Amino acid sequence: MNGMALIIASALLVGLGALALLLWALRSKQYEDLDGAAARILLDDD
Amino acid sequence: MGTVNLSLSQPSMRDDLSRYMRRAENGSDSFEVSVKGARCANCIAKIEKGVAAIPGVENVRLNLSTGKLLVVSQGVAPQKILQRVQDIGYEAQPFEAADTLNADEVEGQFLLRCLAVSGFATVFVMGLVEGIWYGPDMADSTRQLFFGLAGAVAVPASLYAGQPFFRSAWRGLVARSVNMDIPISLAVLLALGLSIYQAGSHGAHTYFDAAVMLVFLLLIGRYLDFRLRDRARGAARHLLTLQSLLVRRRTAAGDMETVAAKEVAPGDQLLVATGDRIPVNGVIEDHGTELDLSLVTGEILPQRVDVGSPVQAGTIVIGQAVALRATAAVENSLVADLARLLEAGQQSRSTYVRLADRAAALYVPVVFSLSFFALIGWLVAGAPLSQAVTNAIAVLIITCPCALGLAVPAVQIVATERLFKRGVFVKSGDALERLAEIDTVIFDKTGTLTEGMPVLLNAQSLPPGILERAARIARASRHPLARAIAAAAGDGPVAADVRETAGAGLETGTGHDVERLGSASWCDALERDYQLWYRRGMEPPIGFHLQDRLRPDSVALVRSLASRGLKVEMLSGDNADNVRAMAQEVGIASWFAGITPQQKAVRLQVLREQGSRVLMVGDGINDAAAMALAHVSIAPGTATDISQRASDMVLRGNALSPVVEAFDVARKARRLVLVNFALAAAYNLTAIPLAAMGYVTPLIAAATMAGSSLLVVLNALRLAGGRSP
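Residues numbered from 1 in each chain as written. Chains lettered and ligands numbered in written order. Predicted model: local features only at pLDDT ≥ 70, side-chain atom pairs only at ≥ 80, totals over all residues. Heavy atoms only, no water.

1. Concerning the overall build of chain A
Looking only at helices and strands, one finds 2 helices and 0 strands in chain A. For chain A, with 46 residues in total, the buried portion stands at 20%. Surface accessibility of chain A: about 3,500 Å² in total, with carbon and sulfur atoms responsible for 68%. (Helix = DSSP H or I, 4+ residues; strand = E, 2+ residues; numbered from the N terminus. Buried < 20%, exposed > 50% of the residue type's maximum accessible area, 1.4 Å probe, protein only. Areas by Shrake-Rupley, 256 points an atom, 1.4 Å probe, with all protein chains shown as cover.)

Okay, here's the thing in structure tokens:
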């Protein structure tokens, strides 16, 4: 029973963590310019 | 090249563009530029580095998806930024940010957030309830714990993520109109309510998982639909920005100022540079010039106009830059008239009922009555009220249109994505549905079936060396005939000291070595069969045959459209001889020549009243009204802003053949949507009797819901295949 509580709690935490990450990525506009992001990887920063 | 001439049309340092600037609280200015033609990593690097090099610029960011360049600076003049982007080689216009822009962005972000929340909740709740399904011998207290946890996640998640549906359902109720979101909202809320009741009364089944999964699957469809509409709106916005073109006006003090075209009033004196479009109807004031009328009348050879001649808005100055006195405000110009016709046409088109809405109108009453019958049936059969209600709710939940909500957007997004890759830009979601229904195709001639510019036709029969000699002179001019010669000869040297006489021709050298390129009278030629002549000293003149010609793929295009059972017709403002010759060459039996823009619109109206569904393909200002009246319309990439705006699809690049591809994809998409509807209906036909009879457990509900949605999406993906249809 103890083990199950642990598993469920950690599953919930991991899931919420992933959700928070995604919401953060959305808020910091990482999905604004997908074409640009794909192209920018080819650029050298100098 | 022509940069010296062009610079007149670029806003100068003194012009006022400050209304495009926005000042932040920390004192830095942000300025948005709409950049055309940036498509690759190189473009980003070139533009961003180039603009960042302007002193005072703090931050530059090019969004490749939207083509918007955001420049944050400390008081750098917008003109400087525009000029820099143009110098780098891209078309740039100040971006007039509409208020709705932010509303769209907010809506998209909100949908994504809802999608994320419901996705998380679906996975978590499914994990919990699956444990219950596979552990029938689970202790009652454990099951209660699981139900409690599932409810604790599912209820807030569904209530949050379901907001787009609840709001739309509420709007529908207030407006007393039935929409798909009413049964959806009801199903979600009832599923939650029933589950809370069951969990509280130690029941065996809860539908928490069904509620969140419903929301999740439907949100996918909703988000796809949003993306589609957002892209369409983006295109319209971009064109609108290009529409708000700037003109140069002389102030009372004699200075030049740059104002938006819509601010021009009758009586204003405007300066129109070579290569620029005349913004309003007016009268030429200073000296004669030549105009390119091809966008207005379809005539490709330039027309000479003198001082005092009236000129029409939409024509392009190709001779010397001229000053003109505006005789009308922009609202009264031909372009504005056409824009009004266009709007009227678009309104008549907005009555088109999309397939999904037609399905919804059929679907909603059926579902409600089935659910109602289930309730009555169970009560009549003597079941307790709670059981009857449970089964009635089960019917509502199981029929919830997951597959239906995904069926159309999934197919449309795959289809538009595929066409986008092939160079067809679809501006509205229902354009594909309308394209699939056409039975007639109408083409404009000049600039659509043809190249829309003169091309040298007798290069083979010219004496050797003549073409190269003529091209040396021609390269110095921007006149369309001269450019055709230069294009035929390819790159090469330019003669020194070329003098241009507007309306006559070009001249270089002196005395016996003088070389002339121009009209028959300019070169003292007696024949009139050629459009352009070359003469060196006293040698006999040599004629060049320059004519518009068909695009290379026009004949094949017309043939493949005809082979698909479509009627093909051609409408042109050009004279009957030219049109007949072209029609024969391209293989179109039915054509109309010498007709005005208004007559084009009338022809479309007639066909519409006869019940024909017409695809109109056109590029000119004179086609815009007809295009707006057509069932669906396509503009080539070389088309004017106004017809690109009027059209449902815009082709990128120079080829016309994507028209056939678009038609094929539209037909195929329609077939897939109908198959998807059939799949959804088949699923409902099997699921509803089970639900009504009380056999549906949450497991069956979840499996069928996910299964049918998956099936519908996979079916849509068949369209994405690389094979040509």
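Next comes the rest of the write-up.
2. Points about the pattern of salt bridges
Residues and elements named next belong to chain B. This model, assessed by the stated rule, comprises 26 salt bridges over all chains. One salt bridge connects Glu 451 with Arg 549, and the closest N-O pair in it is separated by 3.7 Å. Linking Glu 451 in strand E17 (residues 450-456) with Arg 549 in strand E23 (residues 546-550), this pair joins segments that are 98 residues apart in sequence. Overall, the relative accessible area of 22% leaves Glu 451 in the partly exposed class. (Salt bridge = Lys/Arg side-chain N within 4 Å of Asp/Glu carboxyl O.)

3. A look at the environment of Ala 682 of chain B
Residues and elements named next belong to chain B. Inspection of the secondary structure assignment puts Ala 682 in helix H23 (residues 658-692). By relative accessible area, Ala 682 is classed as partly exposed at 41%. Sequence spacing of Ala 682 and Ser 708 is 26 residues, and the spatial spacing of their C-alpha atoms is 9.6 Å.

4. Here we look at the side chain of Asn 676 of chain B
Tracing the backbone shows Asn 676 of chain B in helix H23. With residues near it in sequence (within four places) discarded, Asn 676 of chain B still touches Ala 407, Val 411, Val 712 and Asn 715 of chain B. (Contact = heavy atoms within 4.5 Å.)

5. Side note on the pairing of strand E21 (residues 532-536) of chain B
Residue and element names in this part refer to chain B. Here E21 lies mainly inside the structure; 4 of its 5 residues are buried. Taken together, the 3 bridges between E21 and strand E22 (residues 542-544) define a ladder with antiparallel strand orientation. Across the sheet, the residue bridging to Tyr 534 is Ile 542, located in E22. Between the end of E21 and the start of E22, which pair antiparallel, lie 5 residues, with Gly 537 showing a positive phi angle near 50°. (Pairing = 2+ DSSP bridges.)

6. Topic: the sheet that holds strand E11 (residues 303-305) of chain B
Hydrogen bonds along the backbone pair up the strands of a sheet, which may run parallel or antiparallel. All names here are of chain B. With antiparallel pairing, 3 strands are arranged side by side in an open sheet as E11-E10-E13. Where the open sheet ends on each side, the last strands, each with one partner, are E11 and strand E13 (316-317). Pairing analysis gives 2 bridges linking strand E10 (residues 289-292) to E13, with the strands arranged antiparallel. Bridging across to E13, Asp 292 finds its partner in Ile 316.

7. Remarks on the nonpolar core
All names here are of chain B. Membership of the largest hydrophobic core comes to 127 residues, with the highest contact counts inside it found for Leu 435, Phe 443, Leu 449, Leu 615 and Met 649. In contact with Met 649, other than residues within four places in its own chain, are Val 424, Phe 425, Val 426, Ala 431, Leu 432, Leu 435, Ser 633, Ile 634, Ala 635 and Ala 662. Counting residues in each nonpolar core, the second largest holds 24 residues, with Ala 41, Val 57, Val 76 and Ile 81 among its members. (Core = buried A, V, L, I, M, F, W, Y, C linked by side-chain atoms within 4.5 Å.)

8. Side note on the confidence of the model for chain B
Looking at chain B as a whole, the pLDDT averages 80, with 88% of positions reaching at least 70. Confidence drops under pLDDT 50 across residues 1-15 of chain B; counting only partners more than four residues distant or on other chains, this segment forms 31 contacts. (pLDDT = per-residue confidence, 0-100.)

9. As for the interface of chain A and chain B
Taken residue by residue, the interface counts 22 residues in chain A and 24 residues in chain B. Together chain A and chain B conceal approximately 1,900 Å² of surface at their shared face, both sides included; 70% is due to carbon and sulfur atoms. Contact with chain B buries surface across chain A, with Ile 8, Leu 26 and Arg 40 of chain A losing the most and accounting together for 29% of the total. Taken together, chain A and chain B are joined by 1 salt bridge. Between Arg 40 of chain A and Glu 48 of chain B there is a salt bridge, with the nearest N and O atoms lying 2.9 Å from each other. Counting across the chain A and chain B interface gives 3 residue pairs in polar contact (both at pLDDT 80 or more). Elements supplying a minimum of two residues to the side of chain A that touches chain B: helix H1 (2-27) and helix H2 (34-40) of chain A. The element that contributes the greatest number of residues to the side of chain A that touches chain B is H1 of chain A, accounting for 11 residues. (Buried area = accessible area lost by both parts, 1.4 Å probe. Polar contact = N/O pair within 3.5 Å; in protein donor to acceptor, adjacent residues only side chain to side chain.)

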